[in-house]
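In case you want the letters, here they are:
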Amino acid sequence: MPTILLAEDETAIAQTVLYALRADGFAAEHVLLGGQVVPRVRRGGVDLVLLDVGLPDASGFDVCRALRAESSVPVLFLTARDGEADRVLGLELGGDDYIAKPFSPRELV
């Protein structure tokens, strides 16, 4: 079963996403901080990263940049920052897709 790592600081959103992923058969893990993403991916077993841009300790864009320096794990931005410049930047930094909040958990899965 694929493992998805969710980096999201809003608990209600995280719980909704984790529930939807697990209900569809995915293993899902959650971290609150951007600084936790790269070390978790280094340990292995992560098949996809769902990454918020507005994390409390680091920009999701910076986290994506750091991930791309050492991993090709797919990254899907899941964020309230829905401006065109943000979407383009996320994809240029190596993000594989960009979903703006609010979103449908079913669409995400």
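Residues numbered from 1 in each chain as written. Predicted model: local features only at pLDDT ≥ 70, side-chain atom pairs only at ≥ 80, totals over all residues. Heavy atoms only, no water.

**Focus: the overall build of the protein**
Next up, step 1: Looking only at helices and strands, the protein features 5 helices and 5 strands.
Next up, step 2: A compact globule built from 109 residues should have a C-alpha radius of gyration of about 13 Å, and the protein, at 13 Å, falls within 12% of that.
Next up, step 3: Of all 109 residues assigned to the protein, the portion counted as buried reaches 44%.
Next up, step 4: Summed over all atoms, the accessible surface of the protein reaches about 5600 Å², with 51% contributed by carbon and sulfur.
Next up, step 5: Between the averaged position of the 10 positive side-chain charges in the protein and that of its 17 negative side-chain charges there is a distance of 4 Å. (Helix = DSSP H or I, 4+ residues; strand = E, 2+ residues; numbered from the N terminus. Rg over C-alpha atoms; globule rule 2.2 N^0.38 Å. Buried < 20%, exposed > 50% of the residue type's maximum accessible area, 1.4 Å probe, protein only. Areas by Shrake-Rupley, 256 points an atom, 1.4 Å probe, with all protein chains shown as cover. Lys, Arg positive; Asp, Glu negative; His and termini not counted. Charge placed at Lys NZ, Arg CZ, Asp CG, Glu CD.)

**A short note on helix α3 (residues 60–68)**
Since the α-helix turns once every 3.6 residues, residues separated by three or four places project in the same direction.
Next up, step 1: The set of residues buried in α3 consists of Gly 60, Phe 61, Val 63, Cys 64 and Leu 67. Buried residues of α3 fall within an arc of 160° about the axis and therefore sit on the same side.
Next up, step 2: Of the surrounding elements, those touching the buried residues of α3 are α2 (37–42), β3 (48–51), β4 (75–79), α4 (84–92) and β5 (97–100).
Next up, step 3: The distance from a side-chain oxygen at the start of α3 to the backbone nitrogen of Phe 61 is 3.0 Å, and the residue carrying that oxygen is Ser 59. (Arc of directions from axis to C-beta. Contact = heavy atoms within 4.5 Å. Polar contact = N/O pair within 3.5 Å; in protein donor to acceptor, adjacent residues only side chain to side chain.)

**A short note on helix α1 (residues 11–23)**
Next up, step 1: With 13 residues, α1 extends 18 Å from end C-alpha to end C-alpha; this agrees with the ideal 18 Å at 1.5 Å per step.
Next up, step 2: Within the sequence span of α1, burial applies to Ile 13, Ala 14, Val 17, Leu 18, Ala 20 and Leu 21. The buried residues of α1 occupy an angular sector of 165° when projected down its axis, which confines them to one face. In α1, the exposed residues that point more than 90 degrees away from the buried face are Ala 12, Gln 15, Tyr 19 and Ala 23. (Expected span 1.5 Å × (residues − 1).)

**Some thoughts on unusual backbone geometry**
Next up, step 1: Pro 102 follows Lys 101 through a cis peptide bond whose omega is 0°.
Next up, step 2: Take Pro 102: it is sitting in the loop between β5 and α5 (105–108).

**Section: the pattern of salt bridges**
Next up, step 1: One pass over the full model with this rule turns up 7 salt bridges.
Next up, step 2: A salt bridge links Lys 101 to Asp 52, with the nearest nitrogen and oxygen atoms 3.5 Å apart. Of this pair, Lys 101 sits in the loop between β5 and α5 while Asp 52 sits in the loop between β3 and α3; the two residues are 49 residues apart in sequence, bridging distant segments of the chain. Grouping residues by exposure puts Lys 101 and Asp 52 together as buried.
Next up, step 3: Look at the salt bridges and you will find they share partners, linking Glu 8, Asp 52 and Lys 101 into a network. (Salt bridge = Lys/Arg side-chain N within 4 Å of Asp/Glu carboxyl O.)

**Digging into the nonpolar core**
Nonpolar side chains tend toward joint burial in soluble globular proteins.
Next up, step 1: Among the nonpolar cores identified, the biggest contains 20 residues, and Val 37, Val 41, Val 49, Leu 51, Leu 67 and Phe 77 are the most heavily contacted of them.
Next up, step 2: Elements supplying a minimum of two residues to this core: β1 (3–7), α2, β3, α3 and β4.
Next up, step 3: In this view, Val 49 contacts Leu 5, Val 37, Val 41, Leu 67, Val 73, Pro 74, Val 75 and Leu 76; residues no more than four positions away in its chain are not counted.
Next up, step 4: Counting 14 residues, the second largest nonpolar core, distinct from the first, contains Ile 4, Ala 14, Leu 21 and Ile 99. (Core = buried A, V, L, I, M, F, W, Y, C linked by side-chain atoms within 4.5 Å.)

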